[in-house]
Structures are given as C-alpha cells and as structure tokens.
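What follows is the residue order along each chain.
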Amino acid sequence: MAEKLFMTGSSDATAAIFGAFDVNAKKIEKHFGVSVSNRRVSDDSGDAVVISGENESDVEKAYKVFKYLGRVAGNGEEISDRSVDYIIDVVSDGADEGYDEFEKGVICMTNRGKPIKPRTIGQKKYVEAIKNSTIVFGIGPAGTGKTFLAVAMAVDALRNKRVSRIILTRPAVEAGERLGFLPGDLQSKIDPYLRPLYDALYEMFGAENYQRYIEKNTIEIAPLAYMRGRTLDDSFIILDEAQNTTSEQMKMFLTRLGVNSKAVVTGDPSQTDLPFGKKSGLAIATKILRNIDGITVHNFSKSDVVRHRLVRDIISAYDKYEKDLPQAHDAQSFRRRQVSEK
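Small disclaimer: the values here were computed from a predicted structure and weren't measured.

Draft legend 1. Representation of the pairing of strand 7 (residues 165-170). Of all the 6 residues making up strand 7, 6 are buried; the element is thus mostly covered by neighbouring parts of the structure. Looking at chain direction, strand 7 and strand 9 (residues 235-239) are connected through 5 bridges and run parallel. Directly across from Leu168, in strand 9, lies its bridge partner Ile238. With 5 bridges connecting them, strand 7 and strand 8 (residues 219-223) associate as parallel partners. Residue Leu168 lies in a different strand from strand 8, and its bridge partner there is Ile221.

Structure (structure tokens):
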C-alpha cells in the first residue's frame, strides 16, 4: 500500500481543494483508484491531504493533482469543475510539464480588476508565441480562448505603449442568414459578425473607456474588406474567424502588416462557412507559411477548451462522427448535401 501526504496549510485551503461536499476529492479518487482523506498534522504544519492506494504511480498522479489544485487555491482563485477536469487530464496523460509556470503569467486586468491569464498549458504556449513572433496563427476548436487571449494581449500592448492602436477584423461571411434581410444600414448588418470582439473589449476596458478609444480611432473594428489598400503601422491586428477567408483575402490581410506591428490570426478549420468548393485561406496560409521565421502556427487541442465541459465532449463527438463518415461522404460532400436538401 502506497501513501503520500500533501500539506495544504489550512482548513480553508483544504475545503477549497476538496470542493463542496468533497466533490473534487471524490472525482480524483474515482479517476485514479485511490483513497483520499484529510488529517490535521499539527498546529504548526496545519492540514494534510492523505492519498493512499495499491498502485504507487496512481498515488503519485493523484498527489500531483492535489499539488496543482493547492496552488490555484493559494492564488485565491476559485477551483472550478473545469479546472479540476483539466488538471486530472494533463496529469493522467503525463502532459503536465510546464504546469508549475503557466499559472503565474497575468496578461492584463479587466475593467473590474479581474486578472486575465492562461488557464491551460496550450494557452500559455499561445501567449508566449504572441510575445515572441510577429505573426501568430491560433488554430483550434471553439472555447479554447483563441480570440479572447489575443484581445487581452492587444490590450496589454496598448496600455504599455508598445503599439498605438488595436485593429480587429472579421470576414463578414453569411452562415445560413442573408445580410440583405437583416434590418438597418450596412454597419447594423455587419455588427452581429463583430459582436464577440466588442464583448471582449467591453470586458477589458469598460463601456466608457471603450467608447473613448473608438472615437479616437485607437481601437478600430471593421470587416476584413475594409483592410484592402492600407498599411497598418504601429498596430496590434487581430483577424478572427479566419477559416472563412479565401486565399486572396488572407494574402491581402497579411500584406497589410506595417512597421512595429503584430498580427494574430485565429480560426477553426472545422467551422468554415465558405461556399462549397472554396478553399479556406487559413488552411492554405498555415501550410505554406509555417516555416517562415517570425511566423508561428499554434494548434490548440480539445484539452484547451475552457468553456463548459460539455463543449469538449461535443467537439469530440463531432470529430468522431466526421472521421467515421465514408470516403464518399467527406465533410465537404456532407455540407453540399445539406445545402441541396434545404
């Protein structure tokens, strides 16, 4: 029988780590096949988590999970179901190298004083890539923080005067609804496509500061078509939903880059809304540009999803479904059949 102790230091920290009704401890017990209890060691040493089990390797992995959860609690952060699931996953897969460091890097603070920082190892590598490269492609499924973290990095660069403006853009590609049928003028029709970018900036700056930056043209949010013919100097530029760009649009965007500028391109190749037969500019760009110095292609995985745990399960289910489709019914053929049936 193997046994290991993790010192939590206080009963409050122990309670936070164990979770309401010991839900976190029970989840760890079930996953690793160990027994978990807490013990008061001494007045000086405080509380300890006692982990025991038949398999020494499983006990060691469970110990690591408690150690990482202890650090989250020590930072005064809430331990969510998602964070527990993520830590269990990375420790189980032996992919926790670097976890000790990633949680320390706060990118910036929101308008309400909330720290924004990477929540997974993949997100940490993405943030490091943005720091060190001139152009970064952030590729991955929904919920991995591609856009939000890019906006946070842009805000940090603006606040610290590394750039003089932020430019955010998206291709206005229709996804089942026609722009012409939406009410209002052109700006009103385009706004829904840019709403996720507005939301992220509202959270960073607050409504009043955001509006002031917009009026000064320090922040610009516009459809991709508005980028043509421009040279963007001293700017942090984000192209979101890039899977909906054509190759020509992507080339146009990337060649807008000016002096002292940085660009982040985000997208999910599995969610393209381009017409059948049109190749995604994102897929082409990441294929032909990945070996150029100064350009980084970062691929997120399902384990980087930080939304509700069901989002990760949904992504996995769709991936399996598309993989199991017969060759004659690949993703594009399937999409074409759906369109023809409408």
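Draft legend 2. Seen up close, the packing of helix 2 (residues 23-32) against helix 3 (residues 56-74). Following both chains from N to C, one finds helix 2 and helix 3 inclined at 155°, their axes separated by 10 Å at the closest point. Taken together, helix 2 and helix 3 sit at an angle that is classed as roughly antiparallel. The way helix 2 lies across helix 3 gives a crossing that is right-handed. Between helix 2, through Ala25, Ile28 and Phe32, and helix 3, the contact on the second element is made entirely by Asp58, Lys61, Ala62, Val65, Phe66 and Leu69. Among the residues making up the contact of helix 2 with helix 3, the classes are represented as 7 nonpolar, no polar and 2 charged.

Draft legend 3. View of the pattern of salt bridges. Across all of its chains, the model carries 8 salt bridges by this definition. A salt bridge links Lys4 to Glu60, with the nearest nitrogen and oxygen atoms 2.5 Å apart. Taken together, the positions of Lys4 in strand 1 (residues 2-7) and Glu60 in helix 3 put the pair 56 residues apart, joining distant regions of the chain. Glu60 gets classed as partly exposed once you look at its relative accessible area, which sits at 30%. Of the charged contacts in the structure, one is a salt bridge between Lys131 and Glu128, with a shortest N-O distance of 3.6 Å. Taken as a pair, Lys131 and Glu128 lie in helix 6 (residues 121-132) at a separation of 3 residues, close to a single helical turn. Within this structure, Lys124, Glu128 and Lys131 form a network of salt bridges that share partners.

Procedures and definitions
- Residue numbers restart at each chain and count upward from 1, following the sequence in its written direction.
- Given that this is a predicted model, residues contribute local features only at a pLDDT of at least 70 and side-chain atom pairs are listed and counted only at 80 or more, while totals for whole chains, interfaces and linings are drawn from all residues.
- With hydrogens and water excluded, all non-hydrogen atoms of the structure serve as input to the side-chain values.
- Accessibility here uses a 1.4 Å probe with only protein chains present; expressed as a share of the type maximum, an area under 20% marks a residue as buried, one over 50% as exposed, and anything in between as partly exposed.
- In this description a helix means any DSSP run of H or I spanning at least four residues, a strand means any run of E spanning at least two, and both kinds are numbered starting from the N terminus.
- For two strands to be treated as a pair, DSSP must find at least two bridges joining them.
- Only the stretch in contact is used when a helix axis is fitted, and all axes are lines through C-alpha atoms; the angle between N-to-C directions ranges over 0 to 180 degrees.
- With respect to orientation, any angle under 35 degrees is reported as roughly parallel, any angle over 145 as roughly antiparallel, any angle of 65 to 115 as roughly perpendicular, and every other angle as oblique.
- Rotating anticlockwise by less than a right angle from the far helix to the near helix defines a left-handed crossing, while the corresponding clockwise rotation defines a right-handed one.
- The criterion used for residue contact is that any of the two residues' heavy atoms lie within 4.5 Å.
- Three classes are used: nonpolar for Ala, Val, Leu, Ile, Met, Phe, Trp, Tyr, Cys and Pro, charged for Asp, Glu, Lys and Arg, and polar for all others, with Gly counted as polar.
- For this document, the term salt bridge refers to a Lys or Arg side-chain nitrogen within 4 Å of an Asp or Glu carboxyl oxygen.

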